[in-house]
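Coordinate analysis (summary)
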Amino acid sequence: MRQSSALKKTRVNSLSLLFFLALNVFLLSCSERIHIVPNPKTDGIPITFNVSRLEQVPFDAVRTRAVNGDICRAISFAVYTVEGDDYTRVQNVNQNVNDESFGSVTFNLEEGTYKVLVLAHNGDMSPTTTNPEKIEFNKNKTTTKMTDTFLCWSEITVDENTASFNLDLTRAVAMFQLNLTDAAIPDNVAQLKFYYQGGSSSLDATTGLGCVASKQTEIIDVAPGVNTFEVYTFIRSGSNNLDMTVSALNGEGTVLKELKFNVVPITRNYVTRYTGEMFGKKVVEGTIDFNLDSEWMLSDAVSF
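Structure report, in brief. (Residues numbered from 1 in each chain as written. Predicted model: local features only at pLDDT ≥ 70, side-chain atom pairs only at ≥ 80, totals over all residues. Heavy atoms only, no water.)

Another point: the overall build of the protein. Each helix and strand in the protein was counted, giving two helices and 21 strands. Split into buried and exposed, the 304 residues of the protein put 40% on the buried side. Residue pairs in contact within the protein that sit at least 24 positions apart in sequence constitute 69% of those at least 6 positions apart. Accessible surface computed for the protein: about 16900 Å², of which carbon and sulfur atoms make up 51%. (Helix = DSSP H or I, 4+ residues; strand = E, 2+ residues; numbered from the N terminus. Buried < 20%, exposed > 50% of the residue type's maximum accessible area, 1.4 Å probe, protein only. Contact = heavy atoms within 4.5 Å. Areas by Shrake-Rupley, 256 points an atom, 1.4 Å probe, with all protein chains shown as cover.)

This is the structure in structure tokens:
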């Protein structure tokens, strides 16, 4: 028996109504997901934070050099309230050198006392700043790559007369530098792998020290004409030396030659420089000489 046209029309209308109800539910659900991220705080006193200086370098010079990937290309700001030993992050932002306001940020804050964290670095990823006592620069653990890093950890008081704060950052890392004096690095060497222990890849901003006993690995591609290679670490309390292994790898990752330095002294804001041949002779740690670095202080430079 054929259905009447009226009955068909009623069913079509019912299906249409169900479709639109389902669509509305979907859109509302999406809207809720979109608004899970809270809007920036709009009440309170607007306070501007300006990076005025990185250790040994005025920030105007930093900004110019950062465009070329030197000094720092990224800055993270965070503000915390403190109750006892507990920190609650109330404001934060990550910037890169392409941002118009690079090096300056304005937060709206209620009157009171806060801790301010600023990190300037050259990494590709923003650090985790939820807990200032354990800041990680690559939480997914696929690599422990670190760069030159500067830190400010400061207490501020905000009242109705407060407008801005100028912040100086100090270098938070030590550098190990390998300067190869070989006439040429062999063509079959594609990468240098640095594996080192004794430092940390995580930072406690409240002390300025590393907070994890890390096993750090960094692999650096070898490029024609480049014979200087640099890696970084945070200093841990009670640990002022690195055990360093440098491996020359071919394109398949096979180790062709290794250097081992068992006790490498490190100090915050110092470069520890090892200079010598890797491929032209048997490697032996040798005499210590002294050089001057124009921007970092230089610890005893070791010839091997």
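Turning to the nonpolar core, a few remarks are in order. Counting residues in each nonpolar core, the largest one holds 26 residues, and the members touching the most others are Phe49, Leu54, Phe77, Leu109, Val118, Leu167 and Leu169. Listing elements by their share of this core, those giving two or more residues are β1 (45–54), β3 (74–83), β5 (104–109), β6 (112–121), β8 (150–158) and β9 (164–171). Tallying contributions element by element places β1 first for this core, with five residues. Once residues lying within four places of it in the same chain are set aside, the contact partners of Leu169 are Val51, Arg53, Leu54, Glu55, Val118, Ala120, Phe150, Leu151 and Cys152. Among the nonpolar cores identified, the runner-up in size contains 23 residues, and Leu192, Phe229, Val246 and Ala248 belong to it. (Core = buried A, V, L, I, M, F, W, Y, C linked by side-chain atoms within 4.5 Å.)

Bringing unusual backbone geometry into the picture now. Positive phi is not limited to glycine here, since Asn269 has a value of about 70 degrees. Among the secondary structure elements, Asn269 is positioned in the loop between β17 (255–265) and β18 (270–276).

The next point concerns the packing of aromatic side chains. For the structure shown, the criterion picks out ten aromatic pairs. Between Tyr80 and Trp153 the ring centres are 5.8 Å apart and the planes differ by 55 degrees, which places this aromatic pair in the tilted class. With Tyr80 in strand β3 and Trp153 in strand β8, this pair connects stretches of sequence that are 73 residues apart. What makes Tyr80 buried here is its relative accessible area of 0%. Taking 6.0 Å as the distance between ring centres and 40 degrees as the angle between the ring planes, the aromatic pair formed by Phe137 and Phe234 counts as tilted. Taken together, the residues span a long stretch of sequence, with Phe137 in the loop between β7 (135–136) and β8 and Phe234 in the loop between β15 (228–233) and β16 (241–249) at a distance of 97 residues. Exposure remark for Phe137: the relative accessible area of 12% places this residue in the buried category. (Phe/Tyr/Trp six-rings, centres within 6.5 Å; stacked < 30°, edge-to-face > 60°.)

Take the sheet that holds β17 next. Within a sheet, each strand pairs with its neighbour through backbone hydrogen bonds, oriented either parallel or antiparallel. Across the sheet, which stays open at both edges, the four strands sit in the order β14-β11-β16-β17 with antiparallel pairing between neighbours. Sheet topology places β14 (215–221) and β17 at the edges, where each strand pairs with a single neighbour. Within this sheet the neighbouring strands show an average axis-to-axis angle of 15 degrees, counted without direction. Where strand β11 (residues 191–197) lies against β14, seven bridges are found, and the strand directions are antiparallel. Bridge pairing in β14 places Gln197 opposite Lys215. (Pairing = 2+ DSSP bridges. Axes fitted to C-alpha atoms, helices over the stretch in contact; angles between N-to-C directions.)

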